[in-house]
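Given next are the chains, with one letter for each unit.
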2 protein chains.
Amino acid sequence: MNTQIEKAKEGIITAEMHIVAKNEKVEVEWLRNEIALGRIVIPKNKNHDFPVIAIGNGLRTKVNANMGTSEKHCHFDEELEKMKVAIHYGADAIMDLSTGGDLHIILQRIIQESSVMVGTVPIYGVATRLLAEGKEIKELDPEDLFREIEIQAKMGVDFMTLHCGVTKVSLSFLENDSRVCGIVSRGGALLKRWMKENGKENPLYEQYDRILDICKQYDVTISLGDGLRPGAGADATDRAQVAELLVLGELVDRARDKGVQVMVEGPGHMPLDQIEANMKLMKRLCGEAPFYVLGPLVTDSAPGYDHIVGAIGGTVAAIHGADFLCYVTPAEHLCLPDVKDVKEGVIASRIAAHSADLVNNVGGARDRDLTISKARYDLDWESMFQNSIDPEMARKRKMESESSEEDHCTMCGNLCAVKNDKSM
Amino acid sequence: MNTQIEKAKEGIITAEMHIVAKNEKVEVEWLRNEIALGRIVIPKNKNHDFPVIAIGNGLRTKVNANMGTSEKHCHFDEELEKMKVAIHYGADAIMDLSTGGDLHIILQRIIQESSVMVGTVPIYGVATRLLAEGKEIKELDPEDLFREIEIQAKMGVDFMTLHCGVTKVSLSFLENDSRVCGIVSRGGALLKRWMKENGKENPLYEQYDRILDICKQYDVTISLGDGLRPGAGADATDRAQVAELLVLGELVDRARDKGVQVMVEGPGHMPLDQIEANMKLMKRLCGEAPFYVLGPLVTDSAPGYDHIVGAIGGTVAAIHGADFLCYVTPAEHLCLPDVKDVKEGVIASRIAAHSADLVNNVGGARDRDLTISKARYDLDWESMFQNSIDPEMARKRKMESESSEEDHCTMCGNLCAVKNDKSM
């Protein structure tokens, strides 16, 4: 037995389960059962050693930060710096989405240096090398894709996004409907193009069992990608999105049956009032698998500020079932994020995750808020700073103001409500 | 007849109603009826000339930006700059909350220069002058308060926050319950202190008819302040908050009966799952008066980023009934905001307002999003920039990247999903 879910099904409590139960303050036997049922995953490759974190039902909402070089912007040191900053500000996972430079060397280094789980999208590497060789997407050899999955699994990747749900059937719903923004998933668009140009089924779907075999061997958690996710608010919850979700639901069952950990990715662009229904639909159709959402982005009109847009959607999503938030940075839709964007993105997502955890009463969120609320009423600035999501920023703003030495702040001065309220 | 609500009740359609109906794309007769019923207000003092904007049921969600000098930070030019920046980025209203310098000169200048409605909290000025004279809050003469309200009304203030609901009865609920953070409203704390130290009822409540007479004369819209709003998530929706709301509901009726426009202010700090219930409770108890919310802030743990926290709560609030969002800046709880904070605060609130308007299908929000979504699929960057909430920022990020001249961006390069999706 190689995987957490296999062991959980056999009643075995692993070292990783003990660590998670302790950190999340949950009963380890309950946790084991949730893992056996597939409602919680512990993404940790057998070849990657780091302090484990679990994702799923009843646990603290987790945050992922994407990084990686691109064709036009390829500075490896900068990507490593992004990784450090993301982890410093509380990312629970990072994904290396590099598409520029020597991808295997970059990935190896990131796996070595990361203190959190590492995810990838293997098709990016395959497509990047193909285009670098001057070839067309049509010429992509499915064997290269499976080879890449195996290489990355051996290297120690903890979770992989695989767009297995972009099938002839789900694509037919895309063609018979009218979308404003078509496909906005890189993996989804590549697969659609390959399928159309070759008149073939998606190999990641057709040969799903090969993927399961590889992932089982290394305990790689599959993150079933949403290649047909809506890329515009107007496209949200359309037939193509739901058709793909139906496929993903079946693939969740097959992964669990084979002893492979699996989670499901979700939208995308979506008006706020559709988020709750989407979370519930996904949980029902996919056997309550851990749900990994990209945003959701509740408006298309704020490029430059999509970290805020994503925090709005992410909070509501996490309240209604999302377990894992992929951060969105201020650079989204405009350019590759820089180090500052990564910080802003992680913090915005952590605010969303924490605000949802307050509602769901998980992960000690309420105690944390209570501590800072009490500090505020006590005008205990040091405790306020220390218990903030970004202590350095909170301290900086107060300390650089004219009231750095005083118990009140420059906003209210001696009209401070707390001081007047406590004066009697 | 002086006020919009008086005229509306008489069946008169004013020039201001015509302007609002045209800008909001609503039927003017429907609008008149909503104003007559008090579900919409047009805050515009008879002595202040500017392009009117209305607030309330079925209209685009509006945004207010607070500014003003403080005891410790008093640079009038900076406050004027904040006003300009707030209006440039889309604030529909500004409040002058100055508590430093010659307050009447500052307010007069702001009223002259503002192209949007101007609000104030008259008790700030009275208390500031009192403390400047070395006196105690206890010595505040209620006559000075009414005099200040009248002076500001004459000067042309369009709406005033008056904490009329902090009464002996509502305060008794505060005392019989346990709050983490007591009173966090400056006006509320000042009034409580004055009431306790003098053993008297709140003059703004006791002599409410005097306020109504002044406001009626100049068509000042009353904004009934929530002096007992929760200042910590743990205090949300407690008995003191609801007791005050009951009083405010009765005061709404009395204002409408007398022909005075009125809106109601709301929380405050509040976990996200309580927001919908609060909006519905307020609308029911206060005769569907326009609701002006401060945040709501869905966590206490993110000082330095409360504009994001407020945008999360504000979106959900506006979907469920809030009509007017008071911005929150990154400086909240730490110091007086600077010009950059004002920009960030206005944009975050506008994202919230617009995201809610998309759900509520008001103010042309869906057309706007559709335009930018289509531009995105067309890789029409210029249209994307122009239709963004902050066109300068969107343009800057793309143009400063290595792909400034290309149709794709540095994030995806030639793996651009849209390009691959459209390649067939």
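Small disclaimer: the values here were computed from a predicted structure and weren't measured.

Each value, and the rule that gives it
- Residues numbered from 1 in each chain as written.
- Chains lettered and ligands numbered in written order.
- Predicted model: local features only at pLDDT ≥ 70, side-chain atom pairs only at ≥ 80, totals over all residues.
- Heavy atoms only, no water.
- UniProt positions renumbered as here; feature names shortened; annotations may be inferred.
- Helix = DSSP H or I, 4+ residues; strand = E, 2+ residues; numbered from the N terminus.
- Buried < 20%, exposed > 50% of the residue type's maximum accessible area, 1.4 Å probe, protein only.
- Contact = heavy atoms within 4.5 Å.
- Pairing = 2+ DSSP bridges.
- Buried area = accessible area lost by both parts, 1.4 Å probe.
- Salt bridge = Lys/Arg side-chain N within 4 Å of Asp/Glu carboxyl O.
- Least-squares fit on C-alpha atoms with pLDDT ≥ 70 in both.
- Polar contact = N/O pair within 3.5 Å; in protein donor to acceptor, adjacent residues only side chain to side chain.
- Axes fitted to C-alpha atoms, helices over the stretch in contact; angles between N-to-C directions.

**Comments concerning the UniProt feature "binding site: Zn(2+)" (unreviewed entry) in chain A**
- Mapped onto the present numbering, the UniProt feature "binding site: Zn(2+)" (unreviewed entry) falls on His269 and His333 of chain A. A maximum C-alpha distance of 12.1 Å is found for the annotated residues, which run over 65 residues; spatially they form one tight group.
- Along the chain, histidine 269 of chain A falls in the loop between strand E8 (262-266) and helix H13 (275-285).
- Residue class for histidine 269 of chain A comes out buried when judged on its relative accessible area of 6%.
- One can find histidine 333 of chain A in the loop between strand E10 (324-326) and helix H15 (339-360).
- Residues within four places of histidine 333 of chain A in sequence aside, it is in contact with His269, Leu297 and Asp306 of chain A together with Arg376 and Trp381 of chain B.

**Observations regarding the pairing of strand E6 (residues 159-162) of chain A**
All names here are of chain A.
- Alternating positions in E6 separate into two faces, Phe159 and Thr161 on one and Met160 and Leu162 on the other, with burial throughout.
- In the sheet, strand E5 (residues 117-120) pairs with E6 via two bridges, with the strands oriented parallel. The residue of E6 that forms the bridge with glycine 119 is phenylalanine 159.

**What to know about the interface of chain B and chain A**
- Counting residues at the interface gives 100 residues for chain B and 101 residues for chain A.
- A buried area of about 8100 Å², summed over both sides, lies between chain B and chain A, and 63% of it is on carbon and sulfur atoms.
- When the area that chain B buries against chain A is broken down by residue, the three leading residues are Tyr305, Arg397 and Leu415 of chain B, summing to 10%.
- Our count for the chain B to chain A interface comes out at eight salt bridges.
- In this structure, aspartate 341 of chain A engages arginine 397 of chain B in a salt bridge whose closest nitrogen and oxygen atoms are separated by 2.4 Å.

**Quick word on the relation of the copies chain B and chain A**
- With an RMSD of 0.0 Å, the fit of chain B onto chain A corresponds to turning through 180° and sliding 0.0 Å along the axis. The superposition of one copy onto the other is thereby described by a two-fold rotation axis. Among all residues of chain B, the one whose C-alpha sits closest to the rotation axis is isoleucine 312 of chain B, at a distance of 2.3 Å.
- Of all interface residues in chain B, 100% are interface residues in chain A too; the two copies therefore contact each other through one and the same surface.

**Observations concerning the side chain of threonine 128 of chain A**
All names here are of chain A.
- Mapped onto the elements, threonine 128 comes out in helix H6 (residues 122-132).
- Residue threonine 128 is classed as buried on the basis of its relative accessible area, which comes to 15%.
- There is a polar contact of 2.6 Å between the side chain of threonine 128 and the backbone oxygen of tyrosine 124.

**Re the sheet that holds E10 of chain A**
All names here are of chain A.
- As summarised here, the arrangement of the eight strands in space is E3-E4-E5-E6-E7-E8-E9-E10, forming a closed barrel in which the pairing is parallel. The sheet shows a mean angle of 25° between the axes of neighbouring strands, direction not considered.
- When E8 meets strand E9 (residues 291-294), the two strands line up parallel, connected through three bridges. Across the sheet, the residue bridging to glutamate 265 is tyrosine 292, located in E9.

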